[in-house]
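Here's the letter readout for the chains.
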Amino acid sequence: MSSTVGGGGSAEPSGVKKTSKRPKYSKFTQQELPACKPILTPRWVILTFLVAGVVFIPLGVICLFASQGVVEIVYRYDTDCVPPSSRNNMVAYIQGEGDKICNRTLTVTKPMKHPVYVYYQLENFYQNHRRYVKSRNDAQLRSPSEERDVKTCAPEDNVGGEPIVPCGLVAWSLFNDTYSFSRNSQQLPVNKKDISWKSDREHKFGKNVFPKNFQTGAPIGGGTLNISKPLSEQEDLIVWMRTAALPTFRKLYGKIETDLHAGDTITVLLQNNYNTYSFNGQKKLVLSTTSWLGGRNDFLGIAYLTVGSICLFLAVTFAVLYLVKPRQLGDPSYLSFPDIFGSYGRQSSSCYDAVSVASGFSMSINLRFSGCSSPISATLEKRLEAVDQTRANNVSFEQTKDKIRKMLDKVELSVSAYDTSWVAMVPSPSSQNAPLFPQCLKWLLKNQHEDGSWGLDNHDHQSLKKDVLSSTLASILALKKWGTGERQINKGLQFIELNSASVTDETIQKPAGFDIIFPGMIEYARDLNLAIPLGSEVVDAMIRKRDLDLKCDSERFSKGREAYLAYVLEGTRNLKDWDLIVKYQRKNGSLFDSPATTAAAFTQFGNDGCLRYLCSLLQKFEAAVPTVYPFDQYARLSLIVTLESLGIDRDFKTEIKSILDETYRYWLRGDEEICLELATCALAFRLLLAHGYDVSYDPLKPFAEESGFSDTMEGYVKNTFSVLELFKAAQSYPHESALKKQCSWTKQYLEMELSNWLKTSVRDKYLKKEVEDALAFPSYASLERSDHRRKLLNGSVVENTRVTKTLYRLHNICSSDILKLAVDDFNFCQSIHREEMERLDRWIVENRLQELKFARQKLAYCYFSGAVTLFSPELSDARISWAKGGVLTTVVDDFFDVGGSKEELENLIHLVEKYIDLALSSEPFLCLFPRKSIIVLRLQISGGI
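Being a predicted model, the structure only gives us computed values, none of them experimental.

**Some points on the overall build of the protein**
Stage number 1. The secondary structure content of the protein amounts to 38 helices and 15 strands.
Stage number 2. Looking at the protein as a whole, 46% of its 945 residues qualify as buried.
Stage number 3. In the protein, of all internal contacts separated by at least 6 residues, the share reaching a separation of at least 24 is 75%.
Stage number 4. Accessible surface for the protein amounts to roughly 48,400 Å². Of this, 54% is attributable to carbon and sulfur atoms.

**A word on the sheet that holds strand S3 (residues 116-123)**
Stage number 1. Taking strand neighbours across the sheet as the criterion, the five strands line up as S1-S11-S3-S9-S8 in an open arrangement whose pairing is antiparallel. Of all strands in the sheet, those with a lone pairing partner are strand S1 (72-76) and strand S8 (190-191), marking the two edges.
Stage number 2. Strand direction decides the pairing type here: S1 and strand S11 (residues 282-288), joined by five bridges, are antiparallel. Looking at the pairing, arginine 76 lines up with lysine 284 of S11.

**Digging into the packing of aromatic side chains**
Stage number 1. Per the counting criterion, the structure on display carries 31 aromatic pairs.
Stage number 2. Arranged with centres 5.5 Å apart and planes meeting at 90°, the rings of phenylalanine 125 and phenylalanine 279 form a pair that is edge-to-face. Of this pair, phenylalanine 125 sits in the loop between S3 and helix H3 (130-134) while phenylalanine 279 sits in the loop between strand S10 (265-271) and S11, placing them 154 residues apart in sequence.
Stage number 3. According to the relative accessible area criterion, phenylalanine 279 is partly exposed, its value standing at 27%.

**Quick word on the nonpolar core**
Stage number 1. Counting 68 residues, the largest nonpolar core has Phe518 and Met521 as the members making the most contacts within it.
Stage number 2. In this structure phenylalanine 518 touches Leu469, Ser470, Leu473, Val503, Leu534 and Met542, once residues within four positions along its chain are discounted.
Stage number 3. Counting 58 residues, the second-largest nonpolar core is a separate cluster that includes Phe652, Val695, Phe709 and Val723.

**Some details on the sheet that holds strand S7 (residues 186-188)**
Stage number 1. What the four strands build is an open sheet, ordered S2-S10-S6-S7; its pairing is antiparallel. Bordering the open sheet on either side are strand S2 (101-107) and S7, each of which pairs with just one other strand. In this sheet, adjacent strand axes meet at a mean angle of 30° when their direction is disregarded.
Stage number 2. Both strand S6 (residues 178-183) and S7 contribute to a ladder of three bridges, which runs antiparallel. Residue pairing in the sheet places phenylalanine 181 in a bridge with leucine 188 of S7.

**Things to note about the state of the cysteines**
Stage number 1. This model, assessed by the stated rule, comprises two disulfides.
Stage number 2. Each disulfide of the protein joins two cysteines, and with those cysteines numbered along the sequence the arrangement is 1-2, 3-4.

**Section: the environment of leucine 413**
Stage number 1. Tracing the backbone shows leucine 413 in the loop between helix H11 (395-409) and helix H12 (417-424).
Stage number 2. Through-space distance from the C-alpha of leucine 413 to that of threonine 627 is 8.7 Å; in sequence the pair is 214 residues apart.

**Here we look at the pattern of salt bridges**
Stage number 1. Taken as a whole and judged by the stated rule, the model has 40 salt bridges.
Stage number 2. Ionic pairing is found between aspartate 138 and arginine 136, a salt bridge with its closest N-O pair at 3.0 Å.
Stage number 3. Of the residues examined, arginine 136 reaches a relative accessible area of 18% and is grouped as buried.

**Points about unusual backbone geometry**
Stage number 1. Of the consecutive residues histidine 114 and proline 115, the connecting peptide bond is found in the cis state with omega at 0°.
Stage number 2. Along the chain, the position of proline 115 falls in the loop between S2 and S3.
Stage number 3. Look at the link from alanine 154 to proline 155: it is a cis peptide, with omega at 5°.
Stage number 4. Turning to its location among the elements, proline 155 is positioned in the loop between helix H4 (138-142) and strand S4 (158-159).

**Thoughts on helix H29 (residues 720-732)**
Stage number 1. Its 13 residues place the ends of H29 19 Å apart at the C-alpha level, agreeing with the 18 Å of an ideal helix rising 1.5 Å per residue.
Stage number 2. With 12 of its 13 residues buried, H29 lies for the most part within the structure.
Stage number 3. Looking only at H29, the buried set comprises Thr720, Phe721, Ser722, Val723, Leu724, Glu725, Leu726, Phe727, Lys728, Ala729, Ala730 and Gln731.
Stage number 4. Capping of H29 at its N-terminal end is provided by asparagine 719; its side-chain oxygen lies 3.0 Å from the backbone amide nitrogen of phenylalanine 721.

**With respect to the packing of helix H26 (residues 678-690) against H29**
Stage number 1. Viewed as axis vectors pointing N to C, H26 and H29 meet at an angle of 25°, and their least axial separation amounts to 8 Å. Looking at the two axes, H26 sits roughly parallel to H29. The way H26 lies across H29 gives a crossing that is left-handed. Residues Leu678, Ala679, Ala682, Leu683, Phe685, Arg686 and Leu689 of H26 pack against Phe721, Ser722, Glu725, Leu726, Lys728, Ala729 and Ser732 of H29.
Stage number 2. For the contact of H26 with H29, a count of residues per class yields nine nonpolar, two polar and three charged.

**Considering the side chain of serine 590**
Stage number 1. Turning to its location among the elements, serine 590 is positioned in the loop between helix H20 (578-582) and helix H21 (595-605).
Stage number 2. Among the polar contacts listed, one links the side chain of serine 590 to the side chain of aspartate 593, at a separation of 3.0 Å.

**Quick look at the confidence of the model for the protein**
Stage number 1. Looking at the protein, the pLDDT average stands at 81 and 82% of residues meet or exceed 70.
Stage number 2. Within the protein, helix H9 (residues 354-369) has the poorest average pLDDT of any element, 34, and S3 the best, 95.
Stage number 3. Confidence drops under a pLDDT of 50 for residues 1-18, and excluding neighbours within four residues, the segment shows 33 contacts in the predicted structure.
Stage number 4. Taken as a whole, residues 337-377 scores under 50 in pLDDT and shows 84 contacts with residues more than four places along the chain or in a different chain.

**Observations regarding the side chain of serine 594**
Stage number 1. By the element assignment, serine 594 lies in the loop between H20 and H21.
Stage number 2. Each residue touching serine 594, except ones within four places of it in the same chain, is listed here: Asp419, Tyr567, Tyr613, Thr627 and Lys805.

**Focus on the packing of helix H23 (residues 632-646) against H26**
Stage number 1. Between H23 and H26, the shortest axis-to-axis distance is 10 Å and the interhelical angle comes to 45°. When the axes of H23 and H26 are compared, the pair comes out oblique. Crossing of H23 over H26 shows left-handed handedness. Within the contact between the two elements, H23 uses Gln633, Tyr634, Leu637, Ser638, Ile640, Val641 and Glu644 and H26 uses Ala679, Thr680, Leu683, Ala684, Arg686 and Leu687.
Stage number 2. Split into classes, the residues belonging to the contact of H23 with H26 amount to eight nonpolar, three polar and two charged.

**Observations regarding the pairing of strand S9 (residues 249-256)**
Stage number 1. Burial analysis of S9 places seven of its eight residues in the buried class, which makes it a mostly covered element.
Stage number 2. Of the pairings in the sheet, the one linking S3 to S9 comprises seven bridges and is antiparallel in character. The partner of tyrosine 119 across the bridge, within S9, is leucine 252.
Stage number 3. When S8 meets S9, the two strands line up antiparallel, connected through two bridges. Its bridge partner being in S9, asparagine 191 is matched across the sheet by lysine 255.

**Comments concerning helix H8 (residues 299-324)**
Helical geometry: 3.6 residues make up each α-helical turn, so side chains three or four residues apart lie on a common side.
Stage number 1. Along its 26 residues, H8 runs 37 Å from first to last C-alpha, staying within 8% of the 38 Å computed at 1.5 Å per residue.
Stage number 2. Looking only at H8, the buried set comprises Gly301, Gly308, Cys311 and Ala315.
Stage number 3. The inward-facing, buried residues of H8 abut helix H1 (42-68).

**Some remarks on the environment of glutamate 836**
Stage number 1. Along the chain, the position of glutamate 836 falls in helix H33 (residues 816-846).
Stage number 2. Between the C-alpha atom of glutamate 836 and that of isoleucine 880, which follows or precedes it by 44 residues, the distance is 7.4 Å.
Stage number 3. A polar contact is formed between the side chain of glutamate 836 and the side chain of serine 876, at a distance of 2.8 Å.

Cut-offs and rules
Counting from 1, residues in each chain are numbered in the order their sequence is written. Totals for whole chains, interfaces and linings use every residue, but because this is a predicted model, local features are given only for residues with pLDDT of at least 70 and side-chain atom pairs only at 80 or more, for both listing and counting. As a rule here, side-chain values come from all non-hydrogen atoms in the structure, and water together with hydrogens is ignored. Only runs of H or I of at least four residues qualify as helices and only runs of E of at least two qualify as strands under DSSP, and these elements are numbered from the N terminus. Throughout this description, buried means an accessible area under 20% of the type-specific maximum (1.4 Å probe, protein chains only), exposed means over 50%, and partly exposed covers the range between. We call two residues in contact whenever any of their non-hydrogen atoms come within 4.5 Å of each other. Values of accessible area rely on a 1.4 Å probe in the Shrake-Rupley scheme; residue burial ignores everything except the protein chains shown. Strands are treated as partners if at least two bridges between them are detected by DSSP. Stacked, tilted and edge-to-face are the three classes applied to pairs of Phe, Tyr and Trp rings, where Trp contributes its six-membered ring and a pair requires centres within 6.5 Å; stacked means planes under 30 degrees apart, edge-to-face means over 60, and tilted covers the rest. We call a set of buried residues a nonpolar core when its members are Ala, Val, Leu, Ile, Met, Phe, Trp, Tyr or Cys and they connect through side-chain atoms within 4.5 Å of each other. Lines are fitted to the C-alpha atoms to define the axes, a helix being fitted only along its stretch in contact, and any angle between axes, read from their N-to-C directions, falls within 0 to 180 degrees. The definition used for a disulfide is geometric: two cysteine sulfur atoms within 2.5 Å. What makes a salt bridge here is a side-chain nitrogen of Lys or Arg within 4 Å of a carboxyl oxygen of Asp or Glu, nothing more. Residue count minus one, scaled by 1.5 Å, sets the expected span of a helix. Each polar contact in these results corresponds to two N or O atoms within 3.5 Å; when the atoms are within protein, one needs to be able to donate a hydrogen and the other to accept it, and residues that are neighboring in sequence are counted only if both atoms are side-chain atoms. Convention used here: angles under 35 degrees read as roughly parallel, angles over 145 as roughly antiparallel, angles from 65 to 115 as roughly perpendicular, and any remaining angle as oblique. Two helices crossing with the near one rotated counterclockwise from the far one by less than a right angle form a left-handed crossing, whereas a clockwise rotation gives a right-handed crossing. Each residue receives one of three labels: charged for Asp, Glu, Lys and Arg, nonpolar for Ala, Val, Leu, Ile, Met, Phe, Trp, Tyr, Cys and Pro, and polar for the others, Gly being one of them. Scored from 0 to 100, pLDDT records how confident the predictor is in each individual residue.

Here it is as structure tokens:
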């Protein structure tokens, strides 16, 4: 007989040893070893912080004293060793011919016990630069047979066709300043043996690898090597080849094996050969002793003292709070479920006969045959009805649901100061000296922030600076064009001046088209005789970069680039051909549903469709416009995804059905709002398919290959969010061959984006987390309730901002009401699950199943394997039936494997056959299990299959 839970087993003749696949029992294999689960009571917390403070503070003092005991002499010589006449052009001096020797004296202030370590220190030298670090070949350093493998060493790979050994920029730039020391006219020898790591000498640098063609070409980088010595003996090179992680670093030059006394005058003869002047670097000579902690470094001691002080302060603070205002602690027993994982025996005597096991099995079937609920489910049903009634009577709960219903019904988009400014700059057709939409101008005058900027509220985060600067400059141009708001213009210019460094900061994420639109707005400001306080060099550099990018892009034509240039029309100012633009005009008259682009197009070309769109926009939004419109479909679908990801969509089934019906109608007729927006199209396809609508893959077919995505504007600007939606859509129906291809390239694309992720804004951290979750937990391998919990814990669902040309917020997607409802619902479901587990525990005891020594105790496993998907309160009966069935199946399986004799197993088989005969004539049972399944079960028991 086979089982769905354990391994199979069958009755065998007596005297024949029964085999079992069950592993040997031990507490380790069954995960029953004692585990520490501390409860963080106030006393434990105070004691922990107190112990940490008492331990860390003395450690910090010890480490700090050890560091202070190190004696160091640091002398910077890169400038002092250049003659005064050559200091105006130190690069020419260091590259010139002749000796560059200088004598300097150092005074020893404290006794220095030998060995005294001699270091050279370089600053502003980036040995960790990617191309520098990669320009080497470790295999060549180890083995002479690899000397011609120089493909990774460019540009220092060969000379005249012969390989350089050692090759690469790291070896080429070997430090070549030299030092010699004397005291009272007596030479102080410097020991340069064993200054490198022993592992490097023995394993990384070959004993039979000799320098070849090193520093024989031009230009000469640094020091030379002795061609008669193998690389394993050239320790200056070995030390240098271990690259530093930071731009300021020290490397060991040698050791002085003589004590230095306080007051000694050390004469240093320096050979100043190494060129640090080309990159504004610094060179320093360092003499240092060591302690048991190593060289001088106060950080460890300060860190211990800081952490210890904080812990001590927290211990005292918590102790005072606990004594002054103590809190009553709850019952710790409610922090975990009862221990239901009892051990089972490897073999059991026949003290429990087949009837004992079968009685539990028959009870489970009888519960279903009777046509009524069990006492447990009846009680839970009453409780659910009471809770539902309570929730219905709870005004706050119903108000929360009503707010969410309104969100589903009406889309709320944040207004955009950037787009409003461009609409405000549109002149009236009847008079070029008056605005067509003066209400936009008034809105700009009234909605400037205190710091002088325009844009969304709460824009203090550094990653939003370029977006805010773009909105502020556009608003200033609109006010300047119509000669109003002098005070607001001056405040805005002050804001730009204070944040001018952000314009050229490449670490700050740019809005779409920033490199084209922002220089274009600066040129427009010049036309209006408005000086932007950014500095002429910065402005000229931005304009040159913009012109160079446009020139380079024009040489490699693509549909994506053409669409992108039309999208940033307000920044190009040189697209004069309406035929290149009109192909992107939509039925509502807009270009890309963007008010700013449409306003710029109407200003340049006077198109009636653009005017119709702008007028309808202002009729709807009155004074300030969003950055994209219409956007209703995407916002509503995103809200549905949010509700489903939190497990609260069951409260809004009617509203969701209505929205999806409408979306399906738009899909069938190829509505532009869905089919022309890549993210919306992918999201609609995924949702409609998941909810059983018959949707065609045709609108997404162009994106089966990455080349199709590259031909779109989203592909040209590398829109990660759109790729993520395509990836999720491709997972919805993986049987379609085109979707398999789409899933493959989007997955590779997202993995590549993650590996190169440099964005630091808050919204990008949420997007990164969403990409990581999508790759780690694909839709076909995820469990609903685990997904809901993960969403609530990592907070990714609360991010509701998007960036196009400017930042905008979807009020529908993020709402404290949604999160509050999700948390309350999750906790409510958890309380139901806890009560069900307690009742199932009692069921186990009432039926004496825990006394079956041969049976594994799998209640928790059986229950949660069903509850993770059947989580809603109304599915209580299903969860309990699933858990009971799993427990009883496990008992029967263990009985066949180890617990029963041949006679007992035969009795059990006859009993099950009796119930199968009864089941075939029972309508309630046949409602649960098809007749064919029951017949197959009978054949399995009788040995027919």
